[in-house]
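# Working through the structure, step by step
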Amino acid sequence: TLTGQGFDVHRLVPDRPLWLCGVEIPFELGLAGHSDADVGLHALTDAILGAIGAGDIGVHFPPTDERWRNVDSAIFLARALEMAGEQGGRLVHVDITIIGERPKIGPHRAAILSRLSQLLGLEPDRIGLKATTTEGLGFTGRGEGLAAQAVATLILRNRS
Amino acid sequence: TLTGQGFDVHRLVPDRPLWLCGVEIPFELGLAGHSDADVGLHALTDAILGAIGAGDIGVHFPPTDERWRNVDSAIFLARALEMAGEQGGRLVHVDITIIGERPKIGPHRAAILSRLSQLLGLEPDRIGLKATTTEGLGFTGRGEGLAAQAVATLILRNRS
Amino acid sequence: TLTGQGFDVHRLVPDRPLWLCGVEIPFELGLAGHSDADVGLHALTDAILGAIGAGDIGVHFPPTDERWRNVDSAIFLARALEMAGEQGGRLVHVDITIIGERPKIGPHRAAILSRLSQLLGLEPDRIGLKATTTEGLGFTGRGEGLAAQAVATLILRNRS
Ligand SMILES: [Mg+2]
Ligand SMILES: [Mg+2]
Ligand SMILES: [Mg+2]
């Protein structure tokens, strides 16, 4: 069993769409970044890359590369899963925490779980999706940005 | 094997008791929140819910519900463990990190481990309890609040 | 399977060397602390201690102890691994995330992986090493300090 973890932060800014865990969320602010800045998928992609010891999202998809401008971060996640498969790894569980005051995740929970299930090839009961505020404290508390944490558990074929 | 993670933050305020990991800690400030605001048990409860893909603490125990006002967060943890059992999961290990400058956890380590062992049904050597400061930086460094992180590992009966 | 996690923060200050994950990194600032303040090795040591339920780095190597002044944090990591071995545990995977704007980890990735592989007795494909910024937000975004998160997975001989 291999368990990787990921952490990511992006700024909330006007005039950007808000993508979270592969779903566009109606909100007056969006996340700034070179790609679609989906902080949830970035943390998750890093967790998978960490599980297989394959660097991080910046190694494979550098923000200096024009190919990744405004791109759907599901592409990064798919490539990380492909790399895991090439190493004999099979994803069995993920758990994601979105950290921020707003928007509320509840109304979008079903849509996000459905999308993640499709992207990851996992049943919804193998996908943790959680949200927490920081009670008004710190940069997430002031609404300056959103953070996300994720863990991903893989098992290796023919190995431990 | 399923490994979930949780993260939580609460504000330190006067005139509230300080509950940490199920133990009341003598301190001049306490944690603000709808329940007893036990940041350690909240992170742990979320880690267990994340491991079984069962939403988060806010889904099951919304702060808008008067039933949970000033309630002992051990109730939330017990319910998450019950849900895990219903899904065929058995908790084998947890690890918690309390993040903040004060109070020091050391003098309360034995009491907390004893309480967690009782609440979780785990031997103390299967319970990680750690504390770290942020060296005066950020909202935890300024003593505005406490944060907690946790991971929980479950195994599934009759499955992987 | 036991999965522990660790988190640590140290301040960036002038006139200190910068040690990260066991490697000295050329940079105009270094990390402040009693030991060499290697935030990566501290998070990793705490993750291993958390996996075996053996307290935290402050319990075993208190900053009030002159023995640990300016000491190489690889000593802490080695002791945690030794304790894990005494409990019948074998480390199978680690994953580390360094959180901060600068320095960039990329140019030092190979050196860090080589050093961690030596310290941990793990093949590089069992070592996740990731870096992320907080996009200018918070204390890491302002360059006041570096944070690190780690997870460590151990298996127990003759047990689950
Ligand atoms: Mg990102
Ligand atoms: Mg809470
Ligand atoms: Mg430290």
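Only a predicted model underlies this, so the values are computations on that prediction, with no experimental measurement involved.

### Focus: the pattern of salt bridges
Under the definition given, this model contains 27 salt bridges over all chains. Close ionic contact of Asp-72 of chain A with Arg-115 of chain A constitutes a salt bridge, the shortest N to O distance being 3.9 Å. Here Arg-115 of chain A lies in helix 4 (residues 109-120) and Asp-72 of chain A lies in the loop between helix 2 (57-60) and helix 3 (74-86), a separation of 43 residues in the sequence. Note that Arg-102 of chain B and Glu-28 of chain B form a salt bridge whose closest N and O atoms lie 3.0 Å from each other. Of this pair, Arg-102 of chain B sits in the loop between strand 5 (89-99) and helix 4 (109-120) while Glu-28 of chain B sits in the loop between strand 3 (23-25) and strand 4 (30-31); the two residues are 74 residues apart in sequence, bridging distant segments of the chain.

### Section: the relation of the copies chain B and chain A
Take chain B, turn it by 120 degrees, move it 0.0 Å along the axis, and it overlays chain A with an RMSD of 0.0 Å. Taken together, the rotation angle and the small translation identify this as a three-fold axis. Ranked by how close their C-alpha atoms come to the rotation axis, the residues of chain B are headed by Gly-138 of chain B, at 3.9 Å. Little of the interface of chain B is mirrored in chain A, where only 11% of its interface residues are also at the interface.

### Brief notes about the interface of chain B and chain A
Counting residues at the interface gives 28 residues for chain B and 29 residues for chain A. It is Thr-3, Gln-5 and Phe-7 of chain B that lose the most area in chain B upon contact with chain A, and together they represent 26% of the buried surface on that side. Counting across the interface, chain B meets chain A through 1 salt bridge. A salt bridge links Arg-109 of chain A to Asp-56 of chain B, with the shortest nitrogen-to-oxygen separation between them at 3.5 Å. When contributions to the side of chain B that touches chain A are tallied by element, the ones reaching two or more residues are strand 1 (2-13), helix 1 (39-51) and strand 7 (145-156) of chain B.

Thresholds, definitions, all that
Residues numbered from 1 in each chain as written. Chains lettered and ligands numbered in written order. Predicted model: local features only at pLDDT ≥ 70, side-chain atom pairs only at ≥ 80, totals over all residues. Heavy atoms only, no water. Salt bridge = Lys/Arg side-chain N within 4 Å of Asp/Glu carboxyl O. Helix = DSSP H or I, 4+ residues; strand = E, 2+ residues; numbered from the N terminus. Least-squares fit on C-alpha atoms with pLDDT ≥ 70 in both. Contact = heavy atoms within 4.5 Å. Buried area = accessible area lost by both parts, 1.4 Å probe.

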